[in-house]
Amino acid sequence: MLDTQTSRSADRAKARPLFAFGERKFLPRAKYRVVAAAMPLFAEGLAKAETARIVDGAVCLCQQTADGSRHVLDVLGPGYLVGSFLTDIERCNVMALTRTRLASVAASAEAGEVAEATRRMLARAQSHAILLRRNGVSERVATCLLDLVDQFGVASDDGPDDETVLTLHLNRGDLADWLGLTLASVSRGLNEFKRAGLIAFDHPKVIAVRDRASLEALACGARLPDA
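None of the values given here were measured: they were computed from a predicted structure.

### Some details on the confidence of the model for the protein
Reasoning step 1: Averaged over all residues, the pLDDT of the protein equals 84, while 81% of them reach at least 70.
Reasoning step 2: Scored below 50 in pLDDT, residues 3-27 shows 57 contacts in the model against residues more than four places distant or in partner chains.

### Overview of the pairing of strand S4 (residues 70-76)
Reasoning step 1: Sheet topology note: the strand S3 (residues 59-64)/S4 ladder contains six bridges and is antiparallel. Residue pairing in the sheet places cysteine 60 in a bridge with valine 75 of S4.
Reasoning step 2: Linking two consecutive strands that pair antiparallel, namely S3 and S4, is a turn of five residues; a positive phi of about 90 degrees is found at glycine 68 within it.

### Notes on the sheet that holds strand S9 (residues 164-167)
Reasoning step 1: Spatially, S8-S9-S11-S10 is the arrangement adopted by the four strands of the open sheet, whose pairing is antiparallel. Each edge of the open sheet is held by one strand with a lone partner, namely strand S8 (154-155) and strand S10 (199-203).
Reasoning step 2: Strands S10 and strand S11 (206-209) of the sheet are contacted by helix H6 (residues 183-195), whose axis makes an angle of about 115 degrees with S10.

### A closer look at H6
Reasoning step 1: Taking 1.5 Å of rise per residue, 13 residues should cover 18 Å, and H6 covers 18 Å from first to last C-alpha, within 8% of that figure.
Reasoning step 2: Regarding H6, the residues found buried are Ser185, Val186, Gly189, Leu190 and Phe193. Burial along H6 is one-sided: seen end-on, the buried residues are contained in an arc of 130 degrees.
Reasoning step 3: Buried-residue contacts for H6 involve helix H4 (137-152), helix H5 (172-179), S10, S11 and helix H7 (212-219).

### Observations regarding the packing of helix H3 (residues 107-132) against H4
Reasoning step 1: Where H3 contacts H4, the two axes come as close as 10 Å, and the packing angle between them is 155 degrees. It follows that H3 is roughly antiparallel to H4 by the angle criterion. Both H3 and H4 take part in a crossing whose hand is left-handed. From H3, Arg124, Leu131 and Leu132 reach across to H4, where they touch Glu139, Arg140, Thr143, Asp147 and Gln151.
Reasoning step 2: Looking at the contact of H3 with H4 residue by residue, the classes come out as two nonpolar, two polar and four charged.

### Side note on the environment of valine 186
Reasoning step 1: With respect to the helices, strands and loops of the structure, valine 186 is situated in helix H6.
Reasoning step 2: For the pair valine 186 and leucine 175, spaced eleven residues apart in the sequence, the C-alpha separation amounts to 7.6 Å.

### With respect to the pairing of strand S7 (residues 100-104)
Reasoning step 1: Burial analysis of S7 places four of its five residues in the buried class, the great majority of the element.
Reasoning step 2: Pairing analysis gives four bridges linking strand S1 (residues 32-35) to S7, with the strands arranged antiparallel. Paired with valine 35 across the two strands is threonine 100, which belongs to S7.
Reasoning step 3: Inspection of the sheet shows strand S2 (residues 52-56) paired to S7 by four bridges, in the antiparallel sense. Looking at S7, one finds that alanine 52 is bridged to serine 104.

Rules used in this analysis
Residues numbered from 1 in each chain as written. Predicted model: local features only at pLDDT ≥ 70, side-chain atom pairs only at ≥ 80, totals over all residues. Heavy atoms only, no water. pLDDT = per-residue confidence, 0-100. Contact = heavy atoms within 4.5 Å. Pairing = 2+ DSSP bridges. Helix = DSSP H or I, 4+ residues; strand = E, 2+ residues; numbered from the N terminus. Axes fitted to C-alpha atoms, helices over the stretch in contact; angles between N-to-C directions. Expected span 1.5 Å × (residues − 1). Buried < 20%, exposed > 50% of the residue type's maximum accessible area, 1.4 Å probe, protein only. Arc of directions from axis to C-beta. Parallel < 35°, antiparallel > 145°, perpendicular 65-115°, else oblique. Left-handed = near helix turned anticlockwise from the far one by under 90°. Nonpolar A, V, L, I, M, F, W, Y, C, P; charged D, E, K, R; others polar.

The following block contains the structure:
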């Protein structure tokens, strides 16, 4: 547990994930489409004029570089909209990180929902830009984990009542790219959190969050206690 000077409730109040929204609304009669892992959404037949909502799965907004690699700009889960408003930037696309199911958005609701989704994405982009100006590895990694656990976390079946299990759809390299860090820095940060008892993992793709309050304090600039 972190020894912070402010109360846990104060840390929790001011340390809400910088880029999490999590609203999940689906159309009861929507058309559904499934996109395989590692496939671009548009290559799977999603017309650029069409807008869809993620029902389950995970996607990343990425920009292709001239050498064929990609830069991860954002990671989105259930409840978020995808469509041309995300890919108007040159060489941007939306890639499925795992098997992802999409629900079409009714034409009558599309304009309003796209406007709201665009506002949310702008807020995420602004928060992420602020995060990248911070020097602390722990601050960046903690903020990222909080965002991802809010999007993809589920209650643990065999752990404590407050433990949440996160499937990490990004590999460590993509996670480092998203956070503007080196692969070594991300791995070091996760291992430090593990040693401090904030998270646990035996597999690189599955992380159990055991002390969310301390992660929230780290995301606000607190430091891990010396070992």
